[in-house]
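Summary of structural features
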Amino acid sequence: MSTPTTRTARRGLGAGLRATSKVLPEHARAHNRSLVLQHLFHEGPTSRADLARATSLTRVTISDLVNVLLAEGLVEELGVQPGRRVGKPAILVGMRTDAYQIVAVDLSDDAVMRGAVMTLTGEAVVRRSLPVDGHVGDALVDLLTRFARTLIAAATRPVIGVGVGSPGVVDDSGRVVEAPNRQWTDLPLAAILTDRLALPVHVANDANSAALGEYTYGGAADSMLVLTIGQGVGAGVMVDGSRVHGAADAAGELGHVTVVDDGELCACGRRGCLETVLAAPALRRAVAGLDPAAADEALAGVGRTLGVALAPVVGALNLGEVLLSGPADLLDGALRTAALQTLTDRTMPATAAGLRLRMATLDEDVVLAGAAVLVLAAQLGVS
């Protein structure tokens, strides 16, 4: 039997090539359960026989898994598969994506936290926002707790978990290693919120969350980079369908790569970081008072600088797409065109062939969508 070409199959070795522990029966069961839910989530209702073929699992295994998922209320039988006239009619099973909800919170804005109650397919059912009012440190954690509780109370279906996209360096356990603007250092945010909310809580860097959102809900390529451009600049990277973490959980800190010698002072304390020219306030200052032609030239100059910064990353990782998430009036024009041209000029033809540099599809919801995927992946094995 040929190997299936679903996203799950393509990511088969994405988590790491070196085995670090014995494969236990419960791990195999969780993996198989994820395969089934992943297929139903992305491909829609399927018969048990087609599920077995798509996942390369035996029909007995599929039958057992489907029975368990039916009992859990995660899947449902949807009647006979149309168009089959020979033999016993096949019954379709589908994932109950409308039966559960996820609470997502976006902390990327210094001034306001944004939240939503979302369906499993990434649609916002309820939206809320709350001014931060200068809260930092423990006071901000308390404010976030109260905000999450209001969202949970607003849900119209059982909530399977809470996802949070946070600025700063965040490790795999949801511990905020460092978020200077929030005065958070070595803060086990996911553990604190899990205890306070009595629900599974998953926390990741906001730019990494954006990458997950675009990958799962926005149709982005398996190997891509999402550049988030607002008050600061961050990046989330996916390679072969797996999120790149880095040695210190700080992969994607492109905003603090130096691109201008003796440039402006950055919030990190150094000069000439990419953030000092590409962050939204810097772009608005660069075009203030200019006529359209001069503004385009100024933005094109920033685009060329961005292309220089991105070229080594795109070349080294052979990325298929770079997505820009931020103010379209500044990014989707001369800046994007110049950045793509510079990227093409500075990478070898095999790398540049087919490379896309486009705007993100989820706009201001990109971090919220990614926060939902954090929960979807951790609780159901779907991404």
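Read from one edge to the other, the open sheet built from three strands follows the order β1-β3-β2, with strand pairing classed as antiparallel. Only two strands of the sheet have a single partner each, and these edge strands are β1 (46-47) and β2 (75-80).

This paragraph deals with helix α14 (residues 366-380). If you check α14, its first and last C-alpha atoms are 20 Å apart, about what 15 residues at 1.5 Å a residue would give, namely 21 Å. Among the 15 residues that make up α14, twelve are buried, leaving the element largely enclosed by the rest of the structure. Turning to α14, its buried residues are V366, V367, L368, A369, G370, A371, A372, V373, L374, V375, L376 and L380. Downstream of α14 by one or two residues, G381 has phi in the positive range, about 75°.

What follows covers the side chain of D222. You can see D222 is positioned in the loop between α7 (206-216) and β12 (224-229). On the basis of relative accessibility, which here comes to 16%, the residue D222 falls in the buried class. In this structure the side chain of D222 is engaged in a polar contact, spanning 3.5 Å, whose partner is the side chain of Y215.

Here we come to the packing of helix α9 (residues 280-287) against helix α10 (residues 292-317). As a packed pair, α9 and α10 sit with axes 9 Å apart at the nearest point and diverge in direction by 140°. Between α9 and α10 lies a crossing whose hand is right-handed. For the pair formed by α9 and α10, the contact residues are L283, A286 and V287 on the first element and A295, A298, L299 and V302 on the second. Its residues assigned to classes, the contact of α9 with α10 shows seven nonpolar, no polar and no charged.

Judged by nonpolar contacts, the single largest core of 49 residues is most densely connected at V36, L37, L120, Y217, L376 and L380. When residues of this core are assigned to their parent elements, the largest contribution, eleven residues, is made by α14. Leaving out residues up to four positions away in the same chain, L376 has contacts with F41, I102, L120, Y217, G381 and V382.

Across the interface, α7 lies against α14 with an axial gap of 7 Å and an inter-helix angle of 80°. By the angle between their directions, the pair α7 and α14 is classed as roughly perpendicular. Every residue of α14 that contacts α7 at D206, S209, A210, L212, G213, E214 and T216 is listed here: V366, V367, A369, G370, A371, V373 and L374. For the contact of α7 with α14, the class distribution of residues is eight nonpolar, four polar and two charged.

This next bit is on the state of the cysteines. A complete count under the given rule lists zero disulfides for this structure. With no disulfide of its own, C266 lies 3.8 Å from the sulfur of C268, the closest cysteine sulfur. Take C266: its relative accessible area is 7%, and that puts it in the buried class. C273 provides the cysteine sulfur closest to C268, a residue in no disulfide bond, and the two sulfurs are 3.6 Å apart.

Quick look at empty space enclosed by the protein now. Applying the stated criterion to the full structure yields one cavity of 30 Å³ or more. Its boundaries defined by the atoms lining it, the largest cavity holds a volume of some 50 Å³. Lining the largest cavity are L107, D109, V112, M113, V132, L140 and R182. Of the residues assigned to the lining of the largest cavity, the class counts are five nonpolar, no polar and two charged.

The rules we used
Each residue is numbered by its place in its chain's sequence as written, counting from 1. Totals for whole chains, interfaces and linings use every residue, but because this is a predicted model, local features are given only for residues with pLDDT of at least 70 and side-chain atom pairs only at 80 or more, for both listing and counting. Remark: hydrogens and water are excluded; side-chain values derive from all non-hydrogen atoms of the structure. Strand pairing is defined by DSSP finding a minimum of two bridges between the two strands. Secondary structure elements follow DSSP: runs of H or I no shorter than four residues count as helices, runs of E no shorter than two count as strands, and numbering proceeds from the N terminus. One less than the number of residues in a helix, times 1.5 Å, gives the span that helix is expected to have. The rule is simple: take the accessible area with a 1.4 Å probe, protein chains only, and divide by the maximum for that residue type; under 20% is buried, over 50% is exposed, in between is partly exposed. Side-chain atoms alone can form a polar contact between residues adjacent in sequence; in general such a contact is a pair of N or O atoms within 3.5 Å, and within protein one must be able to donate a hydrogen while the other accepts it. Convention adopted: a line fitted to C-alpha atoms gives each axis, helices being fitted over their contacting stretch, and angles between N-to-C directions are expressed from 0 to 180 degrees. Note on convention: near helix rotated counterclockwise from far helix by under a right angle means a left-handed crossing. Clockwise means right-handed. Throughout, a residue-residue contact means that at least one pair of heavy atoms, one from each residue, lies within 4.5 Å. For this scheme, ten residues count as nonpolar: Ala, Val, Leu, Ile, Met, Phe, Trp, Tyr, Cys and Pro. Four count as charged, namely Asp, Glu, Lys and Arg, and the remainder, Gly too, count as polar. Note on terminology: a nonpolar core comprises buried Ala, Val, Leu, Ile, Met, Phe, Trp, Tyr and Cys residues joined through side-chain atoms within 4.5 Å. Relative orientations are named as follows: roughly parallel for angles under 35 degrees, roughly antiparallel for angles over 145 degrees, roughly perpendicular for angles from 65 to 115 degrees, and oblique for any other angle. Criterion for a disulfide: a pair of cysteine sulfur atoms within 2.5 Å. Both site types are read off a 1 Å grid over the protein atoms alone. A 1.4 Å probe that fits but cannot get out defines a cavity, while an open set with protein on both sides within 12 Å along at least five of seven lines defines a pocket; lining residues have an atom within 4 Å of a point. Grid points are joined across faces, edges and corners, and a volume is the space filled by probe spheres set on the points.

Note that all results are geometric; they support no functional claim without further evidence.
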